[in-house]
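Each chain is listed here by its residues.
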2 protein chains.
Amino acid sequence: MADSLISTQTVKGFRDSLPDAMMAREALMETARRVYRSYGFSPIDTPALEYSEVLLGKGGDESDKQLFRFQQGKRDVAMRFDLTVPFARFAAEHLNEITLPFKRYHIAPVWRGENTQRGRYREFVQCDFDTIGTDANASDIETLMVIHDLMEAIGFKAFTIRVNHRQMLNGLLERQGLLEKSTGVLRALDKLPKIGREAVVEEMTGQVGATPEQAGKVLDFAELRGTPDEILARVSETVAGSERGETGVARLRELFDVCRRSGLPAERIRLDVSIARGLDYYTGTIYETFLNEDEKIGSVCSGGRYDNLAALFTKQPLPGVGASLGLDRLLAAMENMGLVKSAATPAQVLVVCFDESRLGDYMATARALRQAGVPTEVYPQAKGLKKQLQYADKKGFTLAVIAGENEFNAGVWQVKNLKAQQQETVAAAELVDRVRAILG
Amino acid sequence: MADSLISTQTVKGFRDSLPDAMMAREALMETARRVYRSYGFSPIDTPALEYSEVLLGKGGDESDKQLFRFQQGKRDVAMRFDLTVPFARFAAEHLNEITLPFKRYHIAPVWRGENTQRGRYREFVQCDFDTIGTDANASDIETLMVIHDLMEAIGFKAFTIRVNHRQMLNGLLERQGLLEKSTGVLRALDKLPKIGREAVVEEMTGQVGATPEQAGKVLDFAELRGTPDEILARVSETVAGSERGETGVARLRELFDVCRRSGLPAERIRLDVSIARGLDYYTGTIYETFLNEDEKIGSVCSGGRYDNLAALFTKQPLPGVGASLGLDRLLAAMENMGLVKSAATPAQVLVVCFDESRLGDYMATARALRQAGVPTEVYPQAKGLKKQLQYADKKGFTLAVIAGENEFNAGVWQVKNLKAQQQETVAAAELVDRVRAILG
């Protein structure tokens, strides 16, 4: 009995993160925090558990949201399944403590009882930012700039942010006499990249009830290509007289103007009349972000403007705009593209332990390197040199620095570059500078 | 009915983090990550949910651990109550993927159904680091250095890391003929700072069953004051011939030697023979960390060496050493000491929106400031100047930069220092440099 071990399996649909995966994830989260903060977004956090009523909303369908729900004493609670509903509750609860407009980011895990057969996990991190309490177009423009800077800061050069505007879309539908069928039309339109023009027309003319001519017109606009100015000029003619249509066009026109004026590369921002982003939540500008080299994985950063964040919790209208970085999808893409370094250590230098009586020297040297900004590990025991170098190699260190009695007597260190397979002798007094020079 | 709102309360024992609190918390976590990484500790993550069996261990008493436990389909699962048990399971599960010695940090929330009447929360963040797979004293010494550097990096100058060694303690008890009563003796000793010498003697001579002479001797050692060398010399005489006692003394002697050699300030590291840190988990060096200005809040970073991390999950012995930073306790202390900036924004500069037709200029200027490393927000609407400055003040911006038609025509900006209540006119071409100079 004393010998029987407990199983080390994770719960189905859950997984551990090993150092290499976790370092990539942490780097991504740190970049997101830095970019969000640079625009004045501040962090918040909310509990992992909420009252189920908060998460389910009115007449909410539990199975829809795949909640992890349970009784805690007399309380009916559940683990949050996204960061939007908790943010709505938070905003309503703290209306008197926050000053509007309020800009927040929230990076935290959420839980959903997803079907794991599709390779989905039941725990994943969301990375959202939103501006609430204003309907100013400046915030829509800023949201786009944040997405741009975020992608650039992560290290991408070839990406496209596709922008559209729900009011402009609705203006177009209004002009086609399709406004009352907009939900069905947009739902069909959303499938364009997946199922192609013909199938979309079929869906619009079938269950949605549009005429072939109406559907054709909608698709002609959806497939418009050209500069934003060219597309807006075309759309503008068509929606003239539709208030929503004109508003959408004017806001997009300002967005592209300000982006140009601010020096955002024009090729990264595209007006795409075909994107509709789901159903009724978004009411204004919408955003999707694609990696040019890997469009198939879908949008890695999406969002849009909505009319009212927290109607379930407060009578104060809270219009807002925001987006969410798809961390897991992005990490998968970065791995495919070879952008993830596979190292199991954040340290760059291993101080080999050659002679345990010299531990003080090894530790002091490591300390000097750290103080110069070089992450440095000391191997804890005087195991064979070969074994320590294997350890260094396996974990992904760049340099090993080595000194035994001979080196201490001569006042030097051996510096071994494990990537370049080169070794040099460096005077002890110059070690820190030399290491920094090699590491660049 | 449409008007009835859902309550915005958090679940009992849970709380939201508003921007000012969250910014302080994020800064602390970032400092911890930086210091841990600088020593070669790498991050891992484990699921929030584990099979209950994993968390309860063998014959585990559920009420003891105050688990949030529930059925998920047919699965008996629970939310993790600490990061140590998940780490043990992780290490056993991934033994073939990690290379020993393995150094990891893990910063993540844990959940306990604590009694909330004592002001405790049921969700809090733990911040652990450990080295496993080696019993080398180098790792014990490094653990102490990490604690030291962490406290210094957070911004503390006056702190004391109290160090002791369970084997040395046991050697002393062995010499007093108290080895078999060590659990009771050490449990009593742990209470010394709280209940005082007399009460400890009473407990030792009462239920524990030591003689008054034995108890007196233990307390004489526990109350030894002096340099580590002085204390070790005294203890060394007494434990001579006890193998465990001599091992403990030798390891501590090396620890203090190497710390001195590495330049750690001697006044920050104290040998304190009275600390025992709980019961049977720790088997070697133990650490507690106190803020000199606020000792009463207790140890803010504690840990020690243990013989075997994962005996429940694997037959491979995994000796290790590590510690845990008490984030919430530390944040409370920092608030008391005035070390937490109370700002609701991470941005330093607010670009006032004076004329909405100039949005492109405001955005471009903000962008230039951000690219120079200055977090900058643009107010999204041309509301009154007074209102925007109030917003800036309330959120804690340092500077507001202002330009309307006059300024644009003259090629200048008004730079208003909201802290110093000063204003100056700066040429547009020099704005970025001037702002950086003011912010230092």
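Predicted model, so just to flag it, every value in this text is computed and none were measured.

With that settled, the discussion passes to the overall build of chain A. Regarding its fold elements, chain A presents 16 helices and 16 strands. The principal-axis extent of the C-alpha atoms belonging to chain A is close to 90 × 60 × 45 Å. Here chain A holds 440 residues, and 58% of them are scored as buried. Taking the intrachain contacts of chain A between residues at least 6 apart in sequence as the baseline, contacts between residues at least 24 apart amount to 66%. Of the roughly 18,300 Å² of accessible surface on chain A, 45% is carried by carbon and sulfur atoms. If the 56 positive side-chain charges of chain A are averaged to one point and the 60 negative ones to another, these points end up 2 Å apart.

Further remarks concern the UniProt feature "binding site: L-histidine" (unreviewed entry) in chain A. Residue and element names in this part refer to chain A. UniProt tags Asp-82, Leu-83, Thr-84, Arg-112, Gln-126, Asp-130, Arg-277, Tyr-281 and Tyr-282 as "binding site: L-histidine" (unreviewed entry). The greatest C-alpha distance among the residues just named is 22.5 Å, and with 201 residues of sequence between them they are spread in space as well. Tracing the chain through its elements places Leu-83 in the loop between strand 4 (75–79) and helix 4 (84–93). Judged by relative accessible area, which is 0%, Leu-83 ranks as buried. With sequence-adjacent residues up to four places away left out, Leu-83 is seen in contact with Arg-104, His-106, Ala-108, Val-110, Gln-126, Cys-127 and Asp-128.

Let us look at the relation of the copies chain A and chain B. Superposition of chain A onto chain B requires a rotation of 180 degrees combined with a translation of 0.0 Å along the rotation axis, giving an RMSD of 0.1 Å. Classification of the inter-copy transformation places it as that of a two-fold axis. Relative to the rotation axis, the closest C-alpha in chain A is found at Phe-70 of chain A, a distance of 3.2 Å. Residue by residue, 100% of the interface of chain A is reproduced at the interface of chain B, so both copies engage with the same surface.

Right, let's get into the interface of chain A and chain B. Each partner contributes to the interface: chain A provides 105 residues, whereas chain B provides 105 residues. It is Ile-6, Thr-8 and Arg-367 of chain A that lose the most area in chain A upon contact with chain B, and together they represent 8% of the buried surface on that side. At the boundary of chain A with chain B, the tally comes to 14 salt bridges. Residue Arg-37 of chain B pairs with Glu-30 of chain A through a salt bridge whose shortest N-O separation is 2.7 Å. For the pair chain A and chain B, the number of links is 48 residue pairs in polar contact (both at pLDDT 80 or more). In terms of residue class, the side of chain A that touches chain B is built from 50 nonpolar, 23 polar and 32 charged.

Residues and elements named next belong to chain A. Here the residue pair Leu-100 and Pro-101 is connected by a cis peptide bond, since its omega of -5 degrees sits within 30 degrees of zero. Tracing the backbone shows Pro-101 in the loop between helix 4 and strand 5 (102–111). Of note in the backbone geometry, Gln-421 takes a positive phi value of approximately 55 degrees without being a glycine. Inspection of the secondary structure assignment puts Gln-421 in the loop between strand 15 (412–417) and strand 16 (422–427). You can call Gln-421 exposed: its relative accessible area is 56%.

Before going further, it helps to examine the sheet that holds strand 4 of chain A. Residue and element names in this part refer to chain A. Strand order in the open sheet made by the 3 strands is 2-4-3, with antiparallel pairing throughout. Two strands bound the open sheet, and with one partner strand each, they are strand 2 (49–51) and strand 3 (69–72). Across this sheet, the average inter-strand angle for adjacent strands is 40 degrees, counted without regard to direction.

Attention now moves to the pattern of salt bridges. Per the counting criterion, the structure on display carries 64 salt bridges over all chains. For Arg-37 of chain A, the salt bridge is made with Glu-26 of chain B, and the minimal N-O distance between the two is 2.6 Å. A residue pair is termed interchain when its members come from two chains, as with Arg-37 of chain A in helix 1 (residues 19–38) and Glu-26 of chain B in helix 1 (residues 19–38). The salt bridge involving Arg-358 of chain B is made with Glu-405 of chain B; its shortest N-O contact spans 3.0 Å. Highlighted residues: Arg-358 of chain B in the loop between strand 12 (349–351) and helix 13 (359–371) and Glu-405 of chain B in helix 15 (residues 405–410), separated in sequence by 47 residues.

Let us look at the environment of Val-110 of chain B. Residue and element names in this part refer to chain B. Along the chain, Val-110 falls in strand 5 (residues 102–111). The spacing of Val-110 and Val-85 is 25 residues in sequence and 11 Å in space, taken between C-alpha atoms. Other than its neighbours up to four places away in sequence, Val-110 contacts Arg-80, Phe-81, Asp-82, Leu-83, Arg-122, Glu-123, Phe-124 and Gln-126.

This next bit is on the domain arrangement of chain A. Split by domain assignment, chain A resolves into domain 1 (19–336) and domain 2 (349–439). For domain 1 of chain A versus domain 2 of chain A, the distance between C-alpha centres works out to 49 Å.

Next up on the list: helix 1 of chain B. Along an α-helix, residues three or four positions apart point the same way, because every turn accommodates 3.6 residues. All names here are of chain B. Here helix 1 spans 28 Å end to end across 20 residues, near enough to the 28 Å set by a 1.5 Å rise per residue. The buried fraction of helix 1 is high, at 14 of 20 residues. Looking one or two residues past helix 1, Gly-40 carries a phi angle of roughly 90 degrees, positive in sign.

All right, on to the packing of helix 6 (residues 166–175) of chain A against helix 10 (residues 228–239) of chain A then. Residues and elements named next belong to chain A. In contact at an axis separation of 9 Å, helix 6 and helix 10 are set at 50 degrees when each is read in the N-to-C sense. One finds that helix 6 runs oblique with respect to helix 10. For the element pair helix 6 and helix 10, the recorded crossing hand is left-handed. Where helix 6 approaches helix 10, its residues Met-168, Gly-171, Leu-172 and Arg-175 are matched on the opposing element by Leu-232, Val-235, Thr-238 and Val-239. Taken together, the residues of the contact of helix 6 with helix 10 break down into 5 nonpolar, 2 polar and 1 charged.

For the rest of this paragraph, the subject is the sheet that holds strand 8 (residues 269–271) of chain A. Residues and elements named next belong to chain A. Read across the open sheet, the 8 strands follow the order 1-5-6-11-10-9-7-8; overall the sheet is mixed. In this open sheet, the two strands that pair with only one neighbour each are strand 1 (42–43) and strand 8. As paired elements, strand 9 (residues 285–291) and strand 10 (residues 301–306) share 2 bridges and run antiparallel to each other. Across the sheet, Ile-286 pairs through a bridge with Gly-304, a residue of strand 10. Lying on the sheet, helix 4 is in contact with strand 5 and strand 6 (123–132); it crosses strand 6 at an angle near 45 degrees.

Once that is clear, we can look at the packing of aromatic side chains. Under the defined criterion, the tally for this structure stands at 30 aromatic pairs over all chains. Ring pairing ties together the aromatic residues Tyr-36, Phe-41, Tyr-105 and Phe-129 of chain A, which thus form one cluster. The ring of Phe-87 of chain B has Arg-104 of chain B sitting right over it, with the charged end atom 3.9 Å from the ring centre. Over the ring of Phe-290 of chain B we find Arg-162 of chain B, and its NZ or CZ is 3.9 Å from the ring centre.

By definition, a disulfide links two cysteine residues through a covalent bond between their sulfur atoms. If you walk through the whole model with that rule in mind, you get 0 disulfides over all chains. The thiol of Cys-127 of chain B is unpaired, and the distance to the nearest cysteine sulfur, on Cys-301 of chain B, comes to 8.1 Å.

Residue and element names in this part refer to chain B. Of all 10 residues that make up strand 6 (residues 123–132), 10 are buried, and the element is covered over most of its length. Direction of pairing for strand 5 relative to strand 6: antiparallel, over a ladder of 10 bridges. By the bridge assignment for strand 6, Val-110 is matched with Phe-124.

Moving on to the side chain of Thr-143 of chain B. All names here are of chain B. Within the element layout of this structure, Thr-143 appears in helix 5 (residues 137–154). Residue class for Thr-143 comes out buried when judged on its relative accessible area of 0%. Of note is the side chain of Thr-143, whose polar atom sits 2.7 Å from the backbone oxygen of Ser-139. In contact with Thr-143, other than residues within four places in its own chain, are Phe-129, Tyr-287, Val-321, Gly-322 and Ala-323.

Now for the pairing of strand 16 (residues 422–427) of chain B. All names here are of chain B. Where strand 15 (residues 412–417) meets strand 16, 6 bridges bridge the pair, whose relative direction is antiparallel. Bridge pairing in strand 16 places Gln-414 opposite Thr-425. Connecting strand 15 to the next strand, strand 16, in antiparallel fashion are 4 residues, including Gln-421 with a positive phi near 55 degrees.

Rules behind the numbers
Residues numbered from 1 in each chain as written. Chains lettered and ligands numbered in written order. Predicted model: local features only at pLDDT ≥ 70, side-chain atom pairs only at ≥ 80, totals over all residues. Heavy atoms only, no water. Helix = DSSP H or I, 4+ residues; strand = E, 2+ residues; numbered from the N terminus. Buried < 20%, exposed > 50% of the residue type's maximum accessible area, 1.4 Å probe, protein only. Contact = heavy atoms within 4.5 Å. Areas by Shrake-Rupley, 256 points an atom, 1.4 Å probe, with all protein chains shown as cover. Lys, Arg positive; Asp, Glu negative; His and termini not counted. Charge placed at Lys NZ, Arg CZ, Asp CG, Glu CD. UniProt positions renumbered as here; feature names shortened; annotations may be inferred. Least-squares fit on C-alpha atoms with pLDDT ≥ 70 in both. Buried area = accessible area lost by both parts, 1.4 Å probe. Salt bridge = Lys/Arg side-chain N within 4 Å of Asp/Glu carboxyl O. Polar contact = N/O pair within 3.5 Å; in protein donor to acceptor, adjacent residues only side chain to side chain. Nonpolar A, V, L, I, M, F, W, Y, C, P; charged D, E, K, R; others polar. Pairing = 2+ DSSP bridges. Axes fitted to C-alpha atoms, helices over the stretch in contact; angles between N-to-C directions. Domains from an automatic or database assignment. Expected span 1.5 Å × (residues − 1). Parallel < 35°, antiparallel > 145°, perpendicular 65-115°, else oblique. Left-handed = near helix turned anticlockwise from the far one by under 90°. Phe/Tyr/Trp six-rings, centres within 6.5 Å; stacked < 30°, edge-to-face > 60°. Lys NZ or Arg CZ within 6 Å of the ring centre and 35° of its normal. Disulfide = S-S within 2.5 Å.

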